Amino acid sequence: MSMTFDDGTFIRTEMVTPLPPPVRRVGAIGWMRENLFSSVLNTMLTIVGILAVLWLVPPLVRFMLIDAVWTGENREACLGPGVGACWPFIKAKFGQLIYGFYPIDQRWRPNIVFAAGLVLMVPLLVPSWPLKRLNSLLFFVAYPIIAFVLLTGGNINASAFLFERFGLVHAITGDVTVAGVNVAFWVDYVLTALLVMAVVGGLIAALGGNGRAAARAAMWVFLAFGALVLVWDIDFGLSYVETRQWGGLLVTLVIAVTGIVASLPLGILLALGRRSQMPIVRLLSVIFIEFWRGVPLITVLFFATYMLPLFLPQGTNPDALLRALVGVALFSAAYMAEVVRGGLQAISKGQYEGAMAMGLTWSQMMRLIILPQALTLVIPGIVNSFISLFKDTTLVLIVSIFDFLGQLRASFTDPNWASPVTLYTGFAFAGLVYFLFCFGMSRYSLFVERRLNTSHRH
Amino acid sequence: MTEAHSIVPSDELPAVHTPPSREVAVELVGVHKWYGEFHVLKDINLRVLRGERIVICGPSGSGKSTMIRCINRLEEHQQGTIIVDGIELTNDLKRIDEIRREVGMCFQHFNLFPHLTVLENLTLAPIWVRKMPKKEAEELAMHFLRKVKIPEQANKYPGQLSGGQQQRVAIARALCMKPKIMLFDEPTSALDPEMVKEVLETMVSLAEEGMTMLCVTHEMGFARQVANRVIFMDAGQIIEMNEPNAFFSNPQHERTKLFLSQILH
C-alpha cells in the first residue's frame, strides 16, 4: 500500500519492508558515466586529464625503460643519440649512494644495521603480531645502542665528562684504568651526576615542586646514560669509522630515523609544557618552540657545525654528524610540539573532567586518556612532519655531510660517467627512492588512522 | 530545557524508603565562588548525611552544576569550607585525589572515553587508581554492567551505543570505583525522551541500595520518588530546601512557585 495525500489523517496498516538500493553502477560504462562524464565540466576535466597522461607518460616510459641503457662499463655506453636513462651509472655508483665513503671491507656493518632495523621494525608496524612490548624495547632501546657500536666501532674511550674539562679530576685520581675502564672518567661522571641532581632537586623544590622526585629522575637519566657509555666503551674489536666517512642513504636514514624517533616524545613534552598550568614551564616551552620555529634549519645546521665549537670549552668537540643530528631533532621537535598541541586542543573538556573525576593523576590522565586521542587526531600532521623531515635531511649537505642526494651530486662529477643523460638518470633514481620512502610513510599512516578510528565505528 | 513528557509520573512508582544515617557525608559551609567578577555561588550551606539523596533543581545559570562540581574539585571554591567524607578540600593534591576516589560522578554528556571499549572504560580506574589486578577489575566491571543491564555491550565502543546505554555505562564506570558518594550532573538532559526512563531506573535502584546521591536534574518524578530533600537554587543561592512532598505541594518562596509552575503543567 502506498501513502496517498488525499486525506489529512493516516494510520499505517502494514510496515514497509526494506528494499535493496536502486542499482546505478552497471558495469564499466555505468561507472564511467557516473564518475568521469557526469557533467560538462567533469567531461572536460576528464579529457584534459587523459591528454595530460598521454603527454607525460609515454616519454617517461621511453626514457626510463625503452630507450634506457642497461649495460655498460663507462660513459661510452650512454653517449649515443636518443639514449634514455643510463642505468649502468646507477649500478656503478650504487655502493657510494648507499654507504658513502664507508670502508668497502666494513660495509657488512651498515648492512647488519639495515637488516636488523627492518627485521625489528616490520613486526612493530603490523598491529596483529604479538610481543609488542619486547619488540619495541628491542627497537627503541637495544637497536640504537647496537647500531651505534656497529656503525662507529664503539670503544669510545670515555675520558672526560665535566670536571675533567677543567682538569679537576685527573690530578687527583691519576691515570688509572681498571679492566679497560678509565677511573677518572667515572669519578668525573658520578660527581657531575651528584651536582646535577642537587641543582635540579634544589631548583624544583624552590619552585614548590617535588624536589626529591626531580632529583631521582635526574639520577635515572644519569644511570641510563652511564650504562650506555659503559657499553659504548667496550672494545669489540671493530675498527673505528669516523662519521665523516659515512654517507649516502645510510646518513639520510640515520638522521631521519633519529629525528623522527626523538622528535615525537620531545614534541609531546613541549606541547604539554606549553599547555601547563605552571607559568615557568609554559614560558620555557614557548621560548623553546618559538626559537626553533623562528630560525631556518640551514641556520641551525650552520650554527651547530661552525659556531658551536667556538662556544664549547676547549677539548670538547662533539662529532659533526652528532651536532647536525641534535639540531635536526630539536628543530623538528618544535614543529611536532605544535602539531601535538593542535590535537590536545581538540579534546573536549569533558574528557579531562571524566578522567579527573575518576581520581586519575595528571600523568595517568594524559597517558591513558588525552594523548591517545589527541595523537590519533593529528596522525596526518605528525606524518606530514616526518615526511618533510625525511626530505629536509638533505640540507646537511651544506655542512659537508653527504647524504643520499649529496652523494648523488658528488657522483655526477666523475668524468668516467659524464654523459648528457647522467644528471637526469641520477635525479630520476633519487626521486624514485625518496618517493618510495615518503609514499610508504603516507600509506602506513592512512592504515593506522583507519585502524584507530574507533569513535565513529559502527 | 526540561520537557514535560520526560518526567516519570510519580504515582506509577513506589517511593524509595532508605533512611539516611546520622553520619555526615558532605558538608558545605559558607561556600562562595566567583568566575572573574561574576559571583556564581553565594554563601552555600549544605549538610548531606550518609545515605541521603538530594535533588537539586533550578533555572540554568543558577549555579547547581557548579555547586556539585565543587564537591570533587572540578571547580575550585574561593571561600568557605567543603568537607567530603571527613576530608577537607584544600589545594593539597593528595586530598583531592583521595576525595575523587570516593566520589563518583556522571555527566550530562557521559564523558566516556571513545578510544576505549566499554569494558576498558570501566576497568581503567580500578586498575590504575585502585591498583586492582586486571582480571579482578574485569569481573567487577561485568558485575556492574549486568547491574545496569548491558553486559552484552562490554566489547563495543561507546560510539556504537545509544545515549541511554552510554549513560548507563557511565554510571557503571563510576560504580566500579566503589564510591561512597555519587554526583549526577543533569544525567538525562542530553537523552532522547525514550531513553530517559532506563537511566532513571538505574538511578532509582542505586538509591534503593542506600547510595549517598546528589543529583542535579529536572526529573521531578524522580525527585518525588527517591529524594530525601529537594533543593531549589537561583542566582547562585539556595532558595528553598524541603522534603519532596512539601516542596512540590507547598512551595514557600515566590521564585520556587514560579519555577515549579513553569515545569509542572
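Because the structure is a prediction, the values reported are computed rather than measured.

K.L.:
How should I be thinking about the state of the cysteines in this particular structure?
P.N.:
Here, the word disulfide means a covalent bond between the sulfur atoms of two cysteines. Applying the stated criterion across every chain, the model contains one disulfide over all chains. Each disulfide pairs two cysteine sulfurs, and for Cys78(A) the partner residue is Cys86(A), the sulfurs being separated by 2.0 Å. The sign of the 65° torsion about the S-S bond sets the Cys78(A)-Cys86(A) disulfide as right-handed. Each member of the pair, Cys78(A) as well as Cys86(A), carries the same accessibility label: buried. The thiol of Cys106(B) is unpaired, and the distance to the nearest cysteine sulfur, on Cys215(B), comes to 9.3 Å.

K.L.:
Would you take a moment to explain the domain arrangement of chain A for this structure?
P.N.:
Interface size is often expressed as the accessible area that is lost when the parts come together. Residue and element names in this part refer to chain A. Per the domain assignment, the segments of chain A are domain 1 (2-66) and domain 2 (67-102 + 245-458). Taking the mean C-alpha position of each, domain 1 and domain 2 sit 40 Å from one another. On the side of domain 2, ten residues touch domain 1, which itself brings five residues to the contact. Summed over both partners, the interface of domain 1 with domain 2 buries about 620 Å², with 64% contributed by carbon and sulfur atoms.

K.L.:
Is there a simple way to think about the environment of Arg107(A) in this case?
P.N.:
Residues and elements named next belong to chain A. Tracing the backbone through its elements, the reader meets Arg107 in the loop between helix H3 (87-99) and helix H4 (108-125). Between the alpha carbons of Arg107 and Phe291 there is a distance of 39 Å; along the sequence they are 184 residues apart. Once you skip the residues sitting within four places of it in the chain, Arg107 turns out to touch Gly95, Gln96, Tyr99, Gly100 and Tyr102.

K.L.:
Sorry, what's going on with the layout of surface pockets here?
P.N.:
Where empty space is left can be seen by rolling a probe of water-molecule size over the atoms. Approximately 2,400 Å³ is the volume attributed to the second largest pocket. Elements represented by at least two residues in the lining of the second largest pocket include exactly helix H7 (183-206), helix H8 (211-233), helix H9 (248-274), helix H10 (279-294), helix H12 (320-346), helix H13 (349-357) and helix H14 (362-377) of chain A together with helix H2 (93-102) of chain B. With seven residues, H10(A) is the largest single contributor of residues to the lining of the second largest pocket. Of the residues contributing to the lining of the second largest pocket, the split by class is 29 nonpolar, eleven polar and ten charged.

K.L.:
It is not clear to me how the interface of chain A and chain B should be interpreted in this structure. Could you clarify?
P.N.:
Counting residues at the interface gives 22 residues for chain A, matched by 25 residues for chain B. Both sides of the chain A and chain B interface together cover about 2,100 Å² of buried area, and 61% of this is carbon and sulfur. Here chain A and chain B share one salt bridge between them. The partner of Glu353(A) in a salt bridge is Arg69(B), and the shortest N-O contact between them spans 2.5 Å. Here chain A and chain B share six residue pairs in polar contact (both at pLDDT 80 or more) between them. At the level of secondary structure, the elements contributing two or more residues to the side of chain A that touches chain B comprise H13 and H14 of chain A. Per-element tally for the side of chain A that touches chain B: the top contributor is H13(A), with eight residues. Among the residues forming the side of chain A that touches chain B, the class breakdown is eight nonpolar, ten polar and four charged.

K.L.:
Is there a simple way to think about the UniProt feature "domain: ABC transporter" (unreviewed entry) in chain B in this case?
P.N.:
Taking the numbering used here, the UniProt-annotated feature "domain: ABC transporter" (unreviewed entry) corresponds to residues 26-260 of chain B. Strand forms 26% of residues 26-260 of chain B and helix 39%; the C-alpha atoms that close the span are 27 Å apart.

K.L.:
Before we go on, may I ask you to explain the packing of aromatic side chains in this structure?
P.N.:
The description of an aromatic ring pair rests on the distance of the ring centres and on the angle between the ring planes. Taken as a whole and judged by the stated rule, the model has 24 aromatic pairs over all chains. Ring centres of Trp186(A) and Tyr189(A) lie 5.4 Å apart, and the angle between their planes is 70°; this geometry places the pair in the edge-to-face category. Of this pair, Trp186(A) and Tyr189(A) both sit in helix H7, three residues apart, which is roughly one turn of that helix. Exposure class is identical for Trp186(A) and Tyr189(A). Each is buried. Put simply, the rings of Phe390(A), Phe404(A), Phe429(A), Tyr434(A) and Phe437(A) touch in pairs and so form one group of aromatic residues. A cation over an aromatic ring shows up here: Arg173(B) above the ring of Phe113(B), its NZ or CZ 4.5 Å from the ring centre.

Calculation rules
Residues numbered from 1 in each chain as written. Chains lettered and ligands numbered in written order. Predicted model: local features only at pLDDT ≥ 70, side-chain atom pairs only at ≥ 80, totals over all residues. Heavy atoms only, no water. Disulfide = S-S within 2.5 Å. Buried < 20%, exposed > 50% of the residue type's maximum accessible area, 1.4 Å probe, protein only. Domains from an automatic or database assignment. Contact = heavy atoms within 4.5 Å. Buried area = accessible area lost by both parts, 1.4 Å probe. Helix = DSSP H or I, 4+ residues; strand = E, 2+ residues; numbered from the N terminus. 1 Å grid on protein atoms, 1.4 Å probe; cavity = no way out; pocket = protein on both sides within 12 Å on 5 of 7 lines; lining within 4 Å. Points joined across faces, edges and corners; volume = space filled by probe spheres on them. Nonpolar A, V, L, I, M, F, W, Y, C, P; charged D, E, K, R; others polar. Salt bridge = Lys/Arg side-chain N within 4 Å of Asp/Glu carboxyl O. Polar contact = N/O pair within 3.5 Å; in protein donor to acceptor, adjacent residues only side chain to side chain. UniProt positions renumbered as here; feature names shortened; annotations may be inferred. Phe/Tyr/Trp six-rings, centres within 6.5 Å; stacked < 30°, edge-to-face > 60°. Lys NZ or Arg CZ within 6 Å of the ring centre and 35° of its normal.

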